[in-house]
Amino acid sequence: MDKNTKIAFLGLGSMGAPMARRVLAAGYPLTVWNRTTTRALAFAGAAVGSGTGSETVKVVDSPADAVRDADVVITMLADPAAVREVVGAFASSLKPGAVLIDASTIGPEVVAELAGLLPATVNLIDAPVMGSVDRAASGELLLMVGGEADPVLPLLELFGTVNRTGPVGTGAALKLVLINAVINGVAVVAEAMALADALGIPEAHVKAALSSSALAGLAGRAFATDAYFPVRLAAKDVALATASTDLPIAHAVHTRLTAYPEIADEDLGQIVKSFRTLSVVPRVDRAR
């Protein structure tokens, strides 16, 4: 890919914005669109203020306008409904030979739906990512990439480590497996903390033990202070998994994730506090 390759980035949320900044910093001409226009304008304004190069970023009002001249289109959207809507709005405006990279977490079935929306001349790649906003900003995400991605590898590598998974849809499938393992694991840590409270074990002792156990990685994610993965999106990812096969544990986790609407927009790690403060597990009567 040369630096004249025109990139369109659609979706400037908590993950999309830092990813798009990396595209801009690498010197590619960039067009951006976001459902909330003020966010796109703020993105462009920040680029100007940072000296990244105001002449290389363009804000447009519609998905179709964003992709019309683009060689590569990247979508980073919240859920299957948003992806269907946005791709449906721009599919007919893609130029022959364009590449669509969907970095959203939508599952393989929806990726197959997208393929059906696109002209035959467009190359679809599914490239969902693992990692939170801090890793998006530093280019340390893990990308699960399905499809013929060789021509756009330099672009994908701006975001982190590329794991080639096979045909289109396999990246989306592996992402569901990995993210559900993490979400379910954080829920286990949260419940372990609630149990420790019930047993009267000091928090510091429990955290230290977890950090030196087989659960160290999950405990680190549960107690992280610099990550942001909203509980509502975690619930969405679990729902995608449970729609694929019978997963009793994931069903139970989904019930817990949706039981605290007040933290829906907070990081997944906040379920630790909710599980502990709202747990119905009785505390041990130490007088016995």
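Let me begin by describing the structure that accompanies this report. Bear in mind the structure is a predicted one, so any value in this text is a computation, not a measurement. (Residues numbered from 1 in each chain as written. Predicted model: local features only at pLDDT ≥ 70, side-chain atom pairs only at ≥ 80, totals over all residues. Heavy atoms only, no water.)

### Things to note about the overall build of the chain
Inclusion rule: By definition, any uninterrupted DSSP run of H or I lasting at least four residues is a helix, any uninterrupted run of E lasting at least two residues is a strand, and each is numbered from the N terminus. Using C-alpha atoms as the atom set, the radius of gyration is obtained and then compared with a globule rule of 2.2 Å times the number of residues to the power 0.38. Burial classes: relative accessible area under 20% of the type maximum marks a residue as buried, over 50% as exposed, and values in between as partly exposed (1.4 Å probe, protein chains only). Any pair of residues with heavy atoms lying within 4.5 Å of one another is described as a contacting pair. Computed with the Shrake-Rupley method and a 1.4 Å probe, the accessible areas treat only the protein chains shown as cover for residues. Counting rule for charge: Lys and Arg are taken as positive, Asp and Glu as negative, and neither His nor the chain ends is counted. Each charge is placed at NZ for Lys, CZ for Arg, CG for Asp and CD for Glu.
Secondary structure summary: the chain contains 13 helices and 9 strands in total. Expected size for 288 residues packed as a compact globule is a radius of gyration near 19 Å; at 21 Å, the chain falls within 12% of this value. Reported as C-alpha extents along the three principal axes, the dimensions of the chain are approximately 75 × 45 × 30 Å. Counting only residues that meet the buried cut, the chain has 48% of its 288 residues in that class. A separation threshold of at least 6 residues defines the contact pool for the chain, and within that pool the share at least 24 residues apart is 65%. Surface summary for the chain: the accessible area is close to 13200 Å², and the carbon and sulfur share equals 57%. Averaged over its 23 positive side-chain charges, the chain has a centre that lies 5 Å from the centre of its 28 negative ones.

### Structural notes on the side chain of Asp126
Worth spelling out the cut-off: The term salt bridge refers to a side-chain nitrogen of Lys or Arg lying within 4 Å of a carboxyl oxygen of Asp or Glu. Between N or O atoms, a polar contact is any pair within 3.5 Å; within protein, one atom must be a potential hydrogen donor and the other a potential acceptor, and residues adjacent in sequence are included only when both atoms are from side chains.
Mapped onto the secondary structure, Asp126 falls in strand β6 (residues 123-126). For the buried Asp126, no salt bridge exists, and the shortest N-O distance to an oppositely charged side chain is 9.3 Å, to Arg164. A polar contact of 3.0 Å, which involves the side chain of Asp126, links it to the backbone nitrogen of Gly171. Of the polar contacts made by the side chain of Asp126, one reaches the backbone nitrogen of Ala172; its length is 2.7 Å. Among all residues touching Asp126, those that are not within four sequence positions of it are Asp102, Val111, Met144, Val145, Gly146, Gly147, Pro167, Val168, Gly169, Thr170, Gly171 and Ala172.

### Side note on the environment of Glu140
Counting through the fold element by element, Glu140 comes out in the loop between α6 (133-138) and β8 (141-146). Glu140 sits 11 residues away from Val129 along the chain, and the two C-alpha atoms are 10.0 Å apart. Once residues within four sequence positions are removed from consideration, Glu140 is found in contact with Arg135, Phe159 and Gly160.

### Comments concerning the pattern of salt bridges
Inspection of every chain in the model, using the stated rule, returns 12 salt bridges. With a shortest N-O distance of 2.8 Å, Asp65 and Arg68 are connected by a salt bridge. For Asp65, a relative accessible area of 39% puts it in the partly exposed group. Since its relative accessible area comes to 40%, Arg68 is described here as partly exposed. Taking the shortest distance from any N to any O, the salt bridge between Arg276 and Asp197 comes out at 2.8 Å. Pair noted here: Arg276 is in helix α13 (residues 271-278) and Asp197 is in helix α8 (residues 170-199), with a separation of 79 residues, a long-range link. Classification of Asp197 as buried rests on a relative accessible area of 15%. Bridged by salt links that share partners, the residues Asp197, Glu203, Lys207 and Arg276 form one connected network.

### Some points on the packing of α8 against helix α12 (residues 248-257)
We apply this condition: To obtain each axis, a line is fitted to C-alpha atoms, and for helices this fit is confined to the stretch in contact; angles are then taken between N-to-C directions over 0 to 180 degrees. Every angle not falling under 35 degrees, over 145, or within 65 to 115 is termed oblique; those three ranges are roughly parallel, roughly antiparallel and roughly perpendicular. Helix crossings are classified by the rotation of the near helix relative to the far one: an anticlockwise turn of less than a right angle makes the crossing left-handed, while a clockwise turn makes it right-handed. We call Asp, Glu, Lys and Arg charged. Ala, Val, Leu, Ile, Met, Phe, Trp, Tyr, Cys and Pro are nonpolar, and the rest, Gly among them, are polar.
Closest axis-to-axis distance for the α8/α12 pair is 10 Å, and the angle between their directions is 65°. What the angle tells us is that α8 and α12 run roughly perpendicular. Note that α8 runs across α12; the crossing there is left-handed. In contact with Ile183, Asn184, Ala187 and Glu191 of α8, α12 contributes Ala250, Val253, Arg256 and Leu257. Looking at the contact of α8 with α12 residue by residue, the class counts come to 5 nonpolar, 1 polar and 2 charged.

### What about helix α5 (residues 108-117)?
This is how it is decided: Arc, as used here, means the arc of the directions from the helix axis to the C-beta atoms.
All of the buried residues in α5 are Val110, Val111 and Leu114. For α5, the angular spread of the buried residues around the axis is 105°, confining them to a single face. For α5, the exposed residues set more than 90 degrees away from the buried face come down to Glu109 and Gly116. If you follow the buried residues of α5, they end up packed against α4 (80-90), β5 (99-102), β6 and α8.

### Describing the nonpolar core
It is characteristic of soluble globular proteins that their nonpolar side chains tend to be buried jointly. For clarity, the cut-off: We call a set of buried residues a nonpolar core when its members are Ala, Val, Leu, Ile, Met, Phe, Trp, Tyr or Cys and they connect through side-chain atoms within 4.5 Å of each other.
With 38 residues, the main nonpolar core has Phe9 and Ile101 as its most contacted residues. Counting only elements with at least two residues in this core, the list comes to β1 (7-10), α1 (16-25), β2 (30-33), α2 (37-50), β4 (72-75), β5, β8 and α7 (153-156). Of all the elements, α1 adds the most residues to this core, at 5 residues. Among all residues touching Ile101, those that are not within four sequence positions of it are Val72, Val73, Ile74, Thr75, Ile125, Ala127, Val152, Leu155 and Leu156.

### Brief notes about the packing of aromatic side chains
Our working definition: Stacked, tilted and edge-to-face are the three classes assigned to paired rings of Phe, Tyr and Trp, where Trp is represented by its six-membered ring and a pair needs centres within 6.5 Å; plane angles under 30 degrees give stacked, over 60 edge-to-face, the rest tilted. Either the NZ atom of lysine or the CZ atom of arginine qualifies as a charge over a ring when it sits within 6 Å of the ring centre and within 35 degrees of the ring normal.
Applying the stated criterion to the full structure yields 1 aromatic pair. Ring centres of Tyr260 and Phe275 lie 5.9 Å apart, and the angle between their planes is 50°; this geometry places the pair in the tilted category. With Tyr260 in the loop between α12 and α13 and Phe275 in helix α13, this residue pair connects regions lying 15 residues apart in the sequence. The buried category is assigned to Phe275, whose relative accessible area is 3%. Geometry around Tyr28 places Lys3 over its ring, the cationic atom sitting 5.4 Å from the centre. In this structure, Lys207 is placed above the aromatic ring of Phe223, and the distance from its NZ or CZ to the ring centre is 4.7 Å.

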